[in-house]
Amino acid sequence: MANNHEDVIALQGEGEETTETALDQKERSLPVLAADSGEEWETDLESDKSDQRSRLVSPRDLYLQACKLSKVVPISFFLRHLGTSTLDLSHHGLGPMGSKALAITLVSDFDITDLELEDNFLLAEGTQYLMEMLKENINIQSMNLSNNHLQLDGAYSVSRMLQDNVSIKCLNLSGNGFKDDAAKMLADALANNYRIKDLTLSHNQFCEAGGEHLGQMLANNEGLEILNLSWNYLRMSGAVALCNGLKVNVTLKQLDLSWNGLGRVGAQALGEALRQNNTLVLLDLSNNRIDNEATGLLCYGLATNDSLRVLRLTHNPLTHIGALMLLNAVKNNTKSALEEINIASVLVNEAFVKLLEVTCQDRASLEVQYKGVMGALTRAKNPSIALKIFQTFLEERKEGIMDFFQRLATDGTTQVSNSVFRKFAQQGNIFLDQQQLEWLIQRFDKECTGKIECR
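Just so we're clear, the structure is a prediction, and the values are computed from it rather than from any experiment.

**Quick look at the overall build of the protein**
- Check the secondary structure of the protein and you find 17 helices and 15 strands.
- Looking at the protein residue by residue over its 455 residues, the buried ones come to 54%.
- Contacts in the protein between residues far apart in sequence, at least 24 positions, make up 80% of those at least 6 positions apart.
- For the protein, the exposed surface amounts to about 20300 Å²; the carbon and sulfur share of it is 48%.

**Notes on the nonpolar core**
- Grouped together as the largest cluster of nonpolar side chains are 99 residues, with contacts concentrated most on Leu173, Leu285, Leu311 and Ile343.
- Broken down by element, the residue count for this core peaks at 6 residues, all from helix α7 (residues 180-190).
- Those residues in contact with Leu173 that lie beyond four places of it in its chain are Leu145, Ser146, Leu150, Val158, Phe178, Leu186, Leu199, Thr200, Leu201 and Asn204.
- By size, the runner-up hydrophobic cluster in this structure holds 20 residues, among which are Ala386, Phe390, Phe404 and Leu432.

**A few points about the sheet that holds strand β10 (residues 282-284)**
- What the 11 strands build is an open sheet, ordered β3-β4-β5-β6-β7-β8-β9-β10-β11-β12-β13; its pairing is parallel. In this open sheet, the two edge strands, each paired with only one partner strand, are β3 (86-88) and β13 (367-373). For this sheet, the mean inter-axis angle between neighbouring strands, taken without regard to orientation, is 5 degrees.
- Where β3 and strand β4 (residues 114-116) come together, 3 bridges link them in parallel fashion. Opposite Thr86, over in β4, you have Asp114 as the bridge partner.

**Examining the confidence of the model for the protein**
- With 85% of its residues at a pLDDT of 70 or more, the protein shows a mean pLDDT of 86.
- Across residues 1-5, where pLDDT falls below 50, the model places 13 contacts with residues more than four positions away in sequence or in other chains.

**Concerning the packing of helix α13 (residues 350-362) against helix α17 (residues 434-444)**
- Running from amino to carboxyl end, α13 crosses α17 at an angle of 140 degrees, the nearest separation of the two axes being 9 Å. In terms of orientation, α13 lies oblique with respect to α17. Here α13 and α17 pass one another in a crossing that is right-handed. Across the interface between the two elements, Glu350, Val353, Lys354, Leu356 and Glu357 of α13 pack against Gln434, Gln435 and Glu438 of α17.
- Residues that form the contact of α13 with α17 fall into these classes: 2 nonpolar, 2 polar and 4 charged.

**Details of the pairing of β13**
- Counting buried positions over the 7 residues of β13 gives 6, a clear majority of the element.
- Both strand β12 (residues 340-348) and β13 contribute to a ladder of 6 bridges, which runs parallel. Counterpart to Val348 in the pairing with β13 is Val373.
- The handedness of the β12 to β13 crossover, carried by α13, is right-handed.

**Examining the packing of aromatic side chains**
- This model, assessed by the stated rule, comprises 16 aromatic pairs.
- Here the aromatic rings of Phe352 and Tyr370 are separated by 5.5 Å at their centres, their planes lie at 75 degrees, and the arrangement is edge-to-face. Residue Phe352 is found in helix α13, and its partner Tyr370 is found in strand β13; the two are separated by 18 residues along the sequence.
- According to the relative accessible area criterion, Phe352 is buried, its value standing at 1%.
- Between Phe404 and Phe421, the ring centres sit 6.2 Å apart and the planes meet at 80 degrees, which makes this aromatic pair edge-to-face. Of this pair, Phe404 sits in helix α15 (residues 401-408) while Phe421 is found in helix α16 (residues 418-429), placing the two residues 17 residues apart along the sequence.
- With relative accessibility at 0%, the residue Phe404 sits in the buried group.
- Classification of Phe421 as buried rests on a relative accessible area of 0%.
- We note Arg275 situated over the ring of Tyr300; from NZ or CZ to the ring centre the distance is 4.1 Å.
- For Arg422, the ring lying beneath its charged end belongs to Tyr370, and the centroid distance is 3.6 Å.

**A few points about α17**
- Across the 11 residues that make up α17, a large majority, 9, are buried.
- By the burial criterion, the buried members of α17 are Gln434, Gln435, Gln436, Leu437, Glu438, Trp439, Leu440, Ile441 and Gln442.
- Residue Asp433 occupies the N-cap position of α17, its side-chain oxygen lying 2.7 Å from the main-chain nitrogen of Gln436.

**Thoughts on the pattern of salt bridges**
- By the definition in use, this model includes 9 salt bridges.
- Between Glu132 and Lys135 there is a salt bridge, and its shortest N-O distance comes to 3.2 Å.
- A residue is classified by how much of its surface remains accessible, and Lys135, at 44% relative accessible area, is partly exposed.
- For Glu340, the salt bridge goes to Arg312, with nearest N and O atoms at 3.9 Å. A residue pair is termed long-range when its members are at least 10 positions apart, and Glu340 in strand β12 and Arg312 in strand β11 (residues 310-312) qualify at 28 residues.

**Structural notes on unusual backbone geometry**
- Notably, Asp119 is not glycine yet its phi reads approximately 55 degrees, a positive angle.
- The topology assignment puts Asp119 in the loop between β4 and α5 (123-133).

**Section: the pairing of β12**
- Where β11 lies against β12, 3 bridges are found, and the strand directions are parallel. Within β12, the residue paired with Val310 across the bridge is Glu340.
- Each parallel crossover has a hand, and for β11 linked through helix α12 (residues 320-332) to β12 it is right-handed.

The rules we used
- Residues numbered from 1 in each chain as written.
- Predicted model: local features only at pLDDT ≥ 70, side-chain atom pairs only at ≥ 80, totals over all residues.
- Heavy atoms only, no water.
- Helix = DSSP H or I, 4+ residues; strand = E, 2+ residues; numbered from the N terminus.
- Buried < 20%, exposed > 50% of the residue type's maximum accessible area, 1.4 Å probe, protein only.
- Contact = heavy atoms within 4.5 Å.
- Areas by Shrake-Rupley, 256 points an atom, 1.4 Å probe, with all protein chains shown as cover.
- Core = buried A, V, L, I, M, F, W, Y, C linked by side-chain atoms within 4.5 Å.
- Pairing = 2+ DSSP bridges.
- Axes fitted to C-alpha atoms, helices over the stretch in contact; angles between N-to-C directions.
- pLDDT = per-residue confidence, 0-100.
- Parallel < 35°, antiparallel > 145°, perpendicular 65-115°, else oblique.
- Left-handed = near helix turned anticlockwise from the far one by under 90°.
- Nonpolar A, V, L, I, M, F, W, Y, C, P; charged D, E, K, R; others polar.
- Right-handed = clockwise from strand over helix to strand, strands pointing away.
- Phe/Tyr/Trp six-rings, centres within 6.5 Å; stacked < 30°, edge-to-face > 60°.
- Lys NZ or Arg CZ within 6 Å of the ring centre and 35° of its normal.
- Polar contact = N/O pair within 3.5 Å; in protein donor to acceptor, adjacent residues only side chain to side chain.
- Salt bridge = Lys/Arg side-chain N within 4 Å of Asp/Glu carboxyl O.

Right under this line is the structure:
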């Protein structure tokens, strides 16, 4: 693809018939100031050099002229939101030429710091216009280019920008059909980039080679703090390579690897990485085929890790056995920083409930979300009194049981997850011990669905 830098920055070479404006039919001298230097940048709309420094086109007029030049219909939403710090043009059908008109306007924009362009069919061409624009605009700090069919050519344009990037801190490239060759381009560009703090590469097609490239990037990068790689195919050697990079990474704080099918190989590699890494605070491993054996391998790292605070393992095939392994690993690690373990799809047993109660005596901040308890709590100390305690709680608040649960259902539904009710009670709002609380939840959720129906 030809270099479009002049098309975006200078609007040059498109023909004199497109240079007439409503502001001045006789002149085409409307210089645009560069965002970072105060210098003037020529556009297609310039011809009278002597008048360059005396006139400045407004963003509105520049955009309308750029649309005319690019032969696209102006987006009224953009015109109505000029001067705002966040511009959300998601799902507006910009296409490559609409992206060009937008890029021309944003060259000299001083207001926008967050640019949302999800689902606009930008393709590689439209992306290149935007990347050229970023060479001049140093105000934009966050950009969402998800679901725009960028493919390999788009990844090339983005990687070129990343090599010289001075402003972008948050970049969303989700759902763009990137494969392993695109992963290499992006990883090479990010290896020495310390500006990007938050990167989303979810819903792409990275496989084993892609994991190797990204792992090498993690080993070298010293700026990235949040990385979302969910919904890819990072398995086997790709997962191992990625975790090898995580071992030595010193900046990453949040890593989302959900929906990758890591399995036992990936869990083992993560367990080893967690023994060495001391900066990661959130790890999402939901939907990764992690069974009880894989959980045990993961616990190898949890037994010594002192930085991880949030671990998400929902929708994995582990059972109450794996849940006990997790809890024991945390209980026995006096340096563990874990505050949240999410196994909301797992039915635990009475032994788990008792161990959790003991563990929480020393770790009051620990919250474990699980689906429910199997069987009856036979050895509970007067569990049936839990219902009386709950009724007294409602009477003191002069609140009906239906009103109470509907208030907890903040999403507007008629259902409250067991985890939400459990958390509310554990925060000291209802004076129940752990076994009484689980007995009460069993009464409300007799089918063990993980939710309490409040209608």
